[in-house]
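# Fold and contact review
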Amino acid sequence: MNSNGKDFILTDYAQKLIQFKARQIGRRPGFGESDQDDLQQELWLMVCERAGAFDPSKASLNTFIDRIVNNSVADLVRSRERLKRGVCGPVVTLDGDGTDKSWSKPLGSGISPAHLYRRIGIAPRADTEVREIVEAVRTVLKSLPSDLREICERLIEGTVHSVAGEMNVSRRAVRNACRAIQAILEKAGIENA
């Protein structure tokens, strides 16, 4: 076996594996049977490019070929899926990525409140209605027993899990307190505020 040249890697095993994998990929969405010849050529190219890295003390030749072919197949499939999704250019978030100086304002600023409300399925509330709800909630919160008020205040900034940990109580106890608070709010006429 001459490991200096690349002919040693052109085995029957490599040929059969590459043909099998090309047929297998050709049946995946985004590929076609007409792609099989191109896929075989790409896989052979990958195997030949990496032939110099073969070390018989680490693995057998067939194992080495198998790893190269399987990794190359995964790369080809990921690449095709990436192209299929259309992610060919730089990704820009609604907040802007900060690198493109041609944007005078973030993309998110182009979304109007009306579009946002339509997307999330709620109607906007008038400012006076919001102020009335806030005042009603404040009044109810002041009238809560101290233990429920403390849980409510902590939940404003935290989660059920974090509040349970901070107060050294179970999450069930926090959820039960939430149900009790919700019942008090509903009794006061504040539902889904």
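Preceding this section is the structure that the text describes.
Below or above, wherever it landed, is the structure these notes cover. This is a predicted model, so every value here is computed, not measured.

Thresholds, definitions, all that
- Residues numbered from 1 in each chain as written.
- Predicted model: local features only at pLDDT ≥ 70, side-chain atom pairs only at ≥ 80, totals over all residues.
- Heavy atoms only, no water.
- Patch = residues over 30% accessible without salt bridge, like charges linked within 9 Å, V, L, I, M, F, W, Y side chains within 5 Å.
- Areas by Shrake-Rupley, 256 points an atom, 1.4 Å probe, with all protein chains shown as cover.
- Salt bridge = Lys/Arg side-chain N within 4 Å of Asp/Glu carboxyl O.
- Helix = DSSP H or I, 4+ residues; strand = E, 2+ residues; numbered from the N terminus.
- Buried < 20%, exposed > 50% of the residue type's maximum accessible area, 1.4 Å probe, protein only.
- Axes fitted to C-alpha atoms, helices over the stretch in contact; angles between N-to-C directions.
- Parallel < 35°, antiparallel > 145°, perpendicular 65-115°, else oblique.
- Contact = heavy atoms within 4.5 Å.
- Nonpolar A, V, L, I, M, F, W, Y, C, P; charged D, E, K, R; others polar.
- Expected span 1.5 Å × (residues − 1).
- Arc of directions from axis to C-beta.
- Lys, Arg positive; Asp, Glu negative; His and termini not counted.
- Charge placed at Lys NZ, Arg CZ, Asp CG, Glu CD.
- Core = buried A, V, L, I, M, F, W, Y, C linked by side-chain atoms within 4.5 Å.

### Considerations on a nonpolar patch on the surface
A cluster of nonpolar side chains, contributed by I111, L116, I120 and I122, occupies part of the molecular surface with about 340 Å² of accessible area. You can see I111 is positioned in the loop between α3 (61-85) and α4 (113-120). On the accessibility criterion, I111 (44% relative accessible area) is partly exposed.

### Remarks on the packing of helix α6 (residues 146-157) against helix α8 (residues 171-187)
Interaxial distance between α6 and α8 falls to 10 Å at its minimum, and their mutual angle equals 100°. When the axis of α6 is compared with that of α8, the two are roughly perpendicular. Residues L148, I151, C152 and L155 of α6 touch α8, and the partners they reach there are V174, A177, C178, A180, I181 and I184. In terms of residue class, the contact of α6 with α8 is made up of 10 nonpolar, no polar and no charged.

### Considerations on α6
The end-to-end C-alpha distance of α6, which contains 12 residues, comes to 18 Å, matching closely the 16 Å that a straight helix rising 1.5 Å per residue would cover. For α6, the set of buried residues is L148, I151 and C152. Projected down its long axis, α6 shows its buried positions confined to an angular sector of 100°, all on one face. Opposite its buried face, α6 presents the exposed residues S146, I156 and E157, each directed more than 90 degrees away.

### Thoughts on the environment of M46
Within the secondary structure layout, M46 lies in helix α2 (residues 36-49). The sequence separation of M46 and I68 amounts to 22 residues, and the corresponding C-alpha distance is 7.2 Å.

### Concerning α8
In this model, α8 (17 residues) spans 24 Å end to end at C-alpha, consistent with the 24 Å of a helix rising 1.5 Å per residue. Two residues or fewer after α8 comes G189, characterised by a positive phi angle close to 90°.

### Some thoughts on the pattern of salt bridges
Across all of its chains, the model carries 4 salt bridges by this definition. A salt bridge links E150 to R154, with the nearest nitrogen and oxygen atoms 3.0 Å apart. With E150 and R154 both in helix α6, this residue pair falls 4 residues apart, about one helical turn. Within this structure, E150, R154 and E166 form a network of salt bridges that share partners.

### Quick notes on the environment of A74
Tracing the sequence through the fold places A74 in helix α3. As a C-alpha pair, A74 and I25 span 49 residues in sequence and 9.7 Å in three-dimensional space.

### Here we look at a positive patch on the surface
Where like charges cluster on the molecular surface, the positive patch consists of R171, R172, R175 and R179. Its location among the elements puts R175 in helix α8. With a relative accessible area of 41%, R175 lands in the partly exposed category.

### Side note on the nonpolar core
In this structure, I9, I65 and V69 are the most contacted members of the largest nonpolar core, which totals 22 residues. A total of 8 residues in this core trace back to one element, the largest contributor, which is α3. I9 has contacts with A14, W44, V47, A51, L61, F64 and I65, leaving out every residue within four places of it along the chain.

### Quick word on the environment of Q15
Tracing the chain through its elements places Q15 in helix α1 (residues 12-26). Taking the C-alpha atoms as reference points, Q15 and L43, separated by 28 residues in sequence, lie 9.9 Å from one another.

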